[in-house]
Amino acid sequence: VGYELYQDMLEEALAKMRAGELPDSDDDGKWSPQINLGLPVLIPGTYVADLDVRLGLYRRLSSFNSKKELEGFAAELHDRFGKPPAEVENLLRVVMIKSMCRRANIAKLDGGPKGATLRFHNDRFPDPEGLLTWIGGQNALAKVKGTKLIVRRDWADNEQKIKGAYAIARDLAKVAEKETSASEVS
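The model shown is predicted, which means the values in this text are computed figures rather than measured ones.

## Topic: the pairing of strand β5 (residues 148-152)
- Residues L149 and V151 point to one face of β5 and are all buried, whereas K148, I150 and R152, pointing to the other face, are not buried.
- As paired strands, strand β3 (residues 115-120) and β5 are joined by five bridges and run antiparallel to one another. If you follow G115 over to β5, its bridge partner there is R152.
- Bridging between strand β4 (residues 142-145) and β5 involves four bridges; their strand directions are antiparallel. Residue pairing in the sheet places V144 in a bridge with L149 of β5.

Next comes the structure, spelled out in structure tokens:
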């Protein structure tokens, strides 16, 4: 495959990923949550010019599981390439949201100015009772509709949208992990 064709294929795959069009891979039990907040989330060529270096950074990013790893990565980016642009800051924050979504068994999170719509991996949440309790504590701002969880919020800007999506994923991860801890004790 020539370099130009490879670059075109890569751009097409990234566009599909951003649009949430690539299916989850369940072949080996690993899956990746899809996060769509309507924000640019990428490492632009103007920030890291070398394509191979950018791809390596993306690969490393995909393996992070903790906030500490992500903070170290952000510091490294700053040291190597200078102050990250907004797209990179968004990318780092979305990776953290993805980590929380994985812990909460959230397969897809779509966020907009009026809140978020979530789908759980294999349409299952580890603690259905805990989920119902969480929904009940949302003052009628959360409801289940079919196989989706709809959480209404008023997010005036992208900053609120990112923080709100993270808070929802974090709260649901706490609920999911309580069930996991309880079942391990039993």
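## Here we look at the nonpolar core
- Among the nonpolar cores identified, the biggest contains 44 residues, and L37, I106, L109, L118, W134, L149 and L172 are the most heavily contacted of them.
- Within the residue set of this core, elements represented by two or more residues are α2 (51-62), α3 (67-81), α4 (86-103), β2 (106-112), β3, α5 (128-136), β5 and α6 (158-185).
- Considering every element that reaches this core, the biggest residue donor is α4, with nine residues.
- Those residues in contact with I106 that lie beyond four places of it in its chain are W31, P33, C101, L118, R119, F120, H121, A169 and L172.

## Digging into the environment of V41
- Tracing the backbone shows V41 in the loop between β1 (34-36) and α2.
- Residue V41 is classed as buried on the basis of its relative accessible area of 19%.

## A short note on α5
- Taken residue by residue, α5 has G130, L131, W134 and I135 as its buried positions. Down the axis of α5, the buried side of the element spans an arc of 140 degrees, and every buried residue falls inside it. Opposite the packed face of α5, turned more than 90 degrees from it, sit the exposed residues E129, L132, T133 and G136.

## Structural notes on the sheet that holds β1
- Here we have five strands laid out as an open sheet, ordered β1-β2-β3-β5-β4, and mixed in their pairing. Strands at the two margins of the open sheet, each flanked by one partner only, are β1 and β4. Direction aside, neighbouring strands of the sheet carry axes that sit 15 degrees apart on average.
- Seen against the sheet, α4 touches β1 and β2 and runs at an angle of roughly 135 degrees to β1.

## What to know about the packing of aromatic side chains
- What the rule picks out here adds up to three aromatic pairs.
- Ring geometry for F64 versus F73: centroids 5.2 Å apart, planes at 65 degrees, classification edge-to-face. One exposure class covers both F64 and F73, and it is buried.
- One residue, R102, lies across the ring of W31, its end atom 4.8 Å from the ring centre.

## Remarks on the layout of surface pockets
- Volume-wise, the second largest pocket comes out at about 260 Å³.
- For the second largest pocket, the full set of lining residues is K67, L70, E71, A74, E89, L92, R93, M96, I97, I162, K163 and Y166.
- Breaking the lining of the second largest pocket down by element, the ones donating at least two residues are α3, α4 and α6.
- At five residues, the largest contribution of residues to the lining of the second largest pocket is made by α4.
- In the lining of the second largest pocket, the residues fall into seven nonpolar, no polar and five charged.

Criteria and cut-off values
- All chains use their own residue numbering, which begins from 1 and follows the written sequence.
- Only residues with pLDDT of at least 70 are given local features in this predicted model, and only at 80 or more are side-chain atom pairs given and counted; all residues enter the totals for whole chains, interfaces and linings.
- Only hydrogens and water are set aside when side-chain values are computed; all heavy atoms of the structure are taken into account.
- Only protein chains enter the accessibility calculation, which uses a 1.4 Å probe. A residue is then buried if its area is under 20% of the maximum for its type, exposed if over 50%, and partly exposed in between.
- We count a stretch as a helix when DSSP gives it H or I for four or more residues in a row; a strand needs E for two or more, and each element gets its number in order from the N terminus.
- When DSSP finds at least two bridges between two strands, those strands are taken to pair.
- Only buried Ala, Val, Leu, Ile, Met, Phe, Trp, Tyr and Cys residues count toward a nonpolar core, and they belong to the same one when joined by side-chain atoms within 4.5 Å.
- Contacts between residues were defined by any pair of non-hydrogen atoms, one from each residue, lying within 4.5 Å.
- What the arc measures is the spread of directions leading from the helix axis to the C-beta atoms.
- Simply put, an axis is a line fit to the C-alpha atoms, just over the touching stretch for a helix, and the angle between two N-to-C directions goes from 0 to 180 degrees.
- Any two of the Phe, Tyr and Trp rings considered here, Trp counted by its six-membered ring, make a pair once their centres fall within 6.5 Å; the pair's planes then place it as stacked at under 30 degrees, edge-to-face at over 60, or tilted in between.
- Only when the NZ atom of a Lys or the CZ atom of an Arg is both within 6 Å of the ring centre and within 35 degrees of the ring normal do we say a charge sits over the ring.
- Both site types are read off a 1 Å grid over the protein atoms alone. A 1.4 Å probe that fits but cannot get out defines a cavity, while an open set with protein on both sides within 12 Å along at least five of seven lines defines a pocket; lining residues have an atom within 4 Å of a point.
- Grid points are joined across faces, edges and corners, and a volume is the space filled by probe spheres set on the points.
- Basically, the charged four are Asp, Glu, Lys and Arg, the nonpolar ten are Ala, Val, Leu, Ile, Met, Phe, Trp, Tyr, Cys and Pro, and anything else, Gly included, counts as polar.

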